[in-house]
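# Summary of the model geometry
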Amino acid sequence: MTTLPLSRARIVAAAIDLIEREGADAVSMRRIAAELGVGVMSLYNHVPTKDALLDGVAEAVLSEIEFTDDPDADWTDRVRIQARAFRQIAHHYPRCTMLVVSRQLHSAAGLLPVERALATLRSAGFDGPDAVRVLRLFIAFVVGSLLREVGVTPTFAPTDHRHLAGAEAADPALFPEVSALAPLLGACDHEAEFAFGVELLIQAITVHPARREGTR
């Protein structure tokens, strides 16, 4: 069997695989070397530090986002497409995506999604400061949705019957709404809720007074 030569791409791929299996805390240069069957020092010829390796992971994941939005389309459609594109890559790399949103990237791969989102919001009629604020609002929503979807923040979206049983057992006199809505609190259609949230945000920013009318 032919052994592939060691390269930055191969090292980053090994880190991505490890993160998806065990989480970002499992990553170390020694562990990656063991995964690849090479000496630790050989990694430094391609990746100078662990921090650079994690940046490489984030950039590799971001580079796989497929942007198919039409710049001539209405800005609301472009927002929907961009949000779905990010969610799709998060499905492929849920643990790596959490790494992506925790790192400040200045490479082309890291800046391209930001550039597209800001261009879309500017075309919607927002000035620079408000475009940045709206972008951060969307990022907060997308990250929060992802955290809930991967089970990091299960509040009101339990993934097992123990939580549901607790809601159903709540005293109706003290918690009438919790008791009545326990079955809904115990279930979560992540795709439907993501779409609902995106539409709600779009509607809100459509009528925001800071947005200039007459823009696409």
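Scope of this entry: the structure provided in the associated data block. (Residues numbered from 1 in each chain as written. Predicted model: local features only at pLDDT ≥ 70, side-chain atom pairs only at ≥ 80, totals over all residues. Heavy atoms only, no water.)

### Things to note about the pattern of salt bridges
Counted under the stated rule, the structure contains eleven salt bridges. For Glu 59, the salt bridge goes to Arg 8, with nearest N and O atoms at 3.8 Å. With Glu 59 in helix α4 (residues 50–63) and Arg 8 in helix α1 (residues 8–22), this pair connects stretches of sequence that are 51 residues apart. Assessed through its relative accessible area of 40%, Arg 8 is described here as partly exposed. The shortest N-O distance in the salt bridge between Arg 103 and Asp 55 comes to 2.6 Å. Of the two residues, Arg 103 sits in the loop between α6 (94–100) and α7 (108–123) while Asp 55 sits in helix α4, which places them 48 residues apart along the sequence. (Salt bridge = Lys/Arg side-chain N within 4 Å of Asp/Glu carboxyl O. Helix = DSSP H or I, 4+ residues; strand = E, 2+ residues; numbered from the N terminus. Buried < 20%, exposed > 50% of the residue type's maximum accessible area, 1.4 Å probe, protein only.)

### Here we look at the nonpolar core
Ranked by internal contacts, the top residues of the largest apolar core, which has 47 residues, are Ile 32, Leu 53 and Val 57. No other element matches the seven residues that α1 contributes to this core. In this structure, Val 57 is in contact with Val 12, Ala 15, Ile 16, Ile 19, Cys 96 and Leu 99, ignoring residues within four places of it in sequence. (Core = buried A, V, L, I, M, F, W, Y, C linked by side-chain atoms within 4.5 Å. Contact = heavy atoms within 4.5 Å.)

### Observations regarding the packing of α1 against helix α2 (residues 29–36)
As a packed pair, α1 and α2 sit with axes 10 Å apart at the nearest point and diverge in direction by 105 degrees. Relative to α2, α1 is oriented roughly perpendicular. Residues Arg 10, Ile 11, Ala 14, Ala 15, Leu 18, Arg 21 and Glu 22 of α1 form the contact with α2, whose participating residues are Arg 31, Ile 32, Glu 35 and Leu 36. Classifying every residue of the contact of α1 with α2 by side-chain character gives six nonpolar, no polar and five charged. (Axes fitted to C-alpha atoms, helices over the stretch in contact; angles between N-to-C directions. Parallel < 35°, antiparallel > 145°, perpendicular 65-115°, else oblique. Nonpolar A, V, L, I, M, F, W, Y, C, P; charged D, E, K, R; others polar.)

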